[in-house]
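Summary of the model geometry
Here are the chains, one letter per residue:
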Amino acid sequence: MPAAKDTKPTLPAETTSAGNSTWLYWAVGLVALISLLTCLALPVWVCWKGSRDYESRIIVFKTALLWASVVHLGSAALWAALRERNRGEF
């Protein structure tokens, strides 16, 4: 019986190369940062404008906060996965 080969599965070159995923890493990180800053700025915007048109700003606040939170969650998770996959290569 022939000896079993001890081979590790390899990923295609474009997924293991840090050069090809560096731009994606930084772009996703930038999107995560901008969406986080949006989440922090929205309540300030609502309070800063005072009581005039408060109800309409609250509606905009709720919708914008929902979308900014979803974008932040997705981009931050992808950024963390890219960082873990390419640890030490950036």
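Residues numbered from 1 in each chain as written. Predicted model: local features only at pLDDT ≥ 70, side-chain atom pairs only at ≥ 80, totals over all residues. Heavy atoms only, no water.

Notes on the packing of aromatic side chains
- By the definition in use, this model includes 2 aromatic pairs.
- Following the ring pairs from residue to residue traces out a cluster consisting of Tyr 25, Trp 26 and Trp 79. (Phe/Tyr/Trp six-rings, centres within 6.5 Å; stacked < 30°, edge-to-face > 60°.)

Focus on helix 3 (residues 54–85)
- Between the first and last C-alpha of helix 3 there are 45 Å, a value that for 32 residues agrees with the 46 Å anticipated at 1.5 Å per step.
- Taken together, the buried positions of helix 3 are Arg 57, Ile 58, Phe 61, Ala 68, Ser 75 and Leu 82. (Helix = DSSP H or I, 4+ residues; strand = E, 2+ residues; numbered from the N terminus. Expected span 1.5 Å × (residues − 1). Buried < 20%, exposed > 50% of the residue type's maximum accessible area, 1.4 Å probe, protein only.)

Topic: the pattern of salt bridges
- Within this structure, the stated rule accounts for 1 salt bridge.
- Of the charged contacts, one joins Arg 87 and Glu 84 as a salt bridge, the two residues approaching to 2.9 Å between their closest N and O atoms. (Salt bridge = Lys/Arg side-chain N within 4 Å of Asp/Glu carboxyl O.)

Observations concerning the side chain of Arg 57
- Relative to the assigned elements, Arg 57 resides in helix 3.
- Although buried, Arg 57 forms no salt bridge, and the nearest oppositely charged side chain, Asp 53, lies 5.4 Å from it.
- Non-local contacts of Arg 57, meaning those with residues more than four positions away in its chain, are made with Trp 45, Val 46, Lys 49, Gly 50, Ser 51 and Arg 52. (Lys, Arg positive; Asp, Glu negative; His and termini not counted. Contact = heavy atoms within 4.5 Å.)

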